[in-house]
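Examination of the molecular architecture
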Amino acid sequence: MDKLDCIYTFISVVENGNFSNASRNLGITRDQVSKRIFYLESLFSTSLFTRNTRKMDLTRSGEKFYQRCKVIVKELDLAANDFIYDQKYPEGILKVSAPHAFIQTCFSDIISNFLIQYPNIEIDLLFSEKTSEINEHKFDIILKIEEEVREENIFILNSYKRNFYATAAFLNKYGKPKS
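Summarised in this report is the structure supplied together with it.

Conventions and cut-offs
- Residues numbered from 1 in each chain as written.
- Predicted model: local features only at pLDDT ≥ 70, side-chain atom pairs only at ≥ 80, totals over all residues.
- Heavy atoms only, no water.
- Helix = DSSP H or I, 4+ residues; strand = E, 2+ residues; numbered from the N terminus.
- Buried < 20%, exposed > 50% of the residue type's maximum accessible area, 1.4 Å probe, protein only.
- Contact = heavy atoms within 4.5 Å.
- Areas by Shrake-Rupley, 256 points an atom, 1.4 Å probe, with all protein chains shown as cover.
- Salt bridge = Lys/Arg side-chain N within 4 Å of Asp/Glu carboxyl O.
- Core = buried A, V, L, I, M, F, W, Y, C linked by side-chain atoms within 4.5 Å.
- Pairing = 2+ DSSP bridges.
- Axes fitted to C-alpha atoms, helices over the stretch in contact; angles between N-to-C directions.

To continue, consider the overall build of the chain. The secondary structure content of the chain amounts to six helices and five strands. Listing every helix and strand of the chain by position from the N terminus yields α-α-α-β-β-α-β-α-β-β-α. Here the chain, with 179 residues, has 23% of them falling under the buried criterion. Of the contacts formed within the chain by residues at least 6 apart in sequence, a portion of 59% connects residues at least 24 apart. Accessible area for the chain stands at about 14,200 Å²; split by element, carbon and sulfur atoms hold 52% of it.

Written as structure tokens, this is what we have:
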């Protein structure tokens, strides 16, 4: 049985006063609530509640366990919120290597738009003609102008085929370029 589900159930029983209210609050049957509480009591070899026909009270052990469980659940919620925040607002340093030819393209616009979208990311950009291995300098992204990439454990994000065009007037004046 999942301990975390049991802990959430235990907290719900304490805060709702009984198994029936906790089952309605959690959207599970009263029998499931009872089984989860029984599981915790068996796991720790202690009673968490004193039960009588009129009401349920926490035992001394139950009170201590409740206080600790509240801290655990709060920490878990904080961790989940941190994770969600980090996914939505990434931060850190992104190491990028690109050839000098990218300076003359719309690369600066791409970088500017990226930084607007992700203001907590710092870009460490190296323009170099040297074709680096992806892990040689611990780059996150390496942009290359090559026909074929031979490295393993990389993912090609995109490929572009470049075409060069000339107007008829240019060709008539200078002829077709040889290189």
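Next comes the rest of the account.
A few words on the pattern of salt bridges. For the structure shown, the criterion picks out four salt bridges. Note that R51 and E41 form a salt bridge whose closest N and O atoms lie 3.3 Å from each other. Within this pair, whereas R51 is found in strand β1 (residues 49-51), its partner E41 is found in helix α3 (residues 30-44), the two being separated by ten residues in sequence. Residue R51 is classed as partly exposed on the basis of its relative accessible area, which comes to 43%. Owing to a relative accessible area of 11%, E41 belongs among the buried residues under this scheme. Close ionic contact of K55 with D57 constitutes a salt bridge, the shortest N to O distance being 3.7 Å. According to the relative accessible area criterion, D57 is partly exposed, its value standing at 32%.

Residues F10, V13, V33, I37, F49 and F65 are the most contacted members of the largest nonpolar core, which totals 18 residues. Of all the elements in the fold, those that place two or more residues in this core are α1 (3-16), α2 (19-26), α3 and α4 (60-88). It is α1 that contributes the most residues to this core, five residues altogether. Within the second largest apolar cluster, eight residues are counted, among which are V96, A98, F102 and I111.

Taking strand neighbours across the sheet as the criterion, the three strands line up as β4-β3-β5 in an open arrangement whose pairing is parallel. Each edge of the open sheet is held by one strand with a lone partner, namely β4 (121-127) and β5 (141-142). As judged from the seven bridges shared by strand β3 (residues 92-98) and β4, these two strands associate in the parallel manner. By the bridge assignment, A98 is partnered in β4 with F127. Relative to the sheet, helix α5 (residues 107-117) contacts β3 and β4, its axis offset from that of β4 by approximately 160 degrees.

Another point: the environment of G17. Mapped onto the elements of the fold, G17 is located in the loop between α1 and α2. Judged by its relative accessible area of 38%, G17 is partly exposed. Along the backbone, G17 and M56 are 39 residues apart, and their C-alpha atoms lie at a distance of 7.0 Å. Every residue in contact with G17, bar those within four places of it in the chain, is listed here: S12 and M56.

What follows deals with unusual backbone geometry. For S45, which is not glycine, the phi dihedral falls at a positive 50 degrees. Tracing the chain through its elements places S45 in the loop between α3 and β1.

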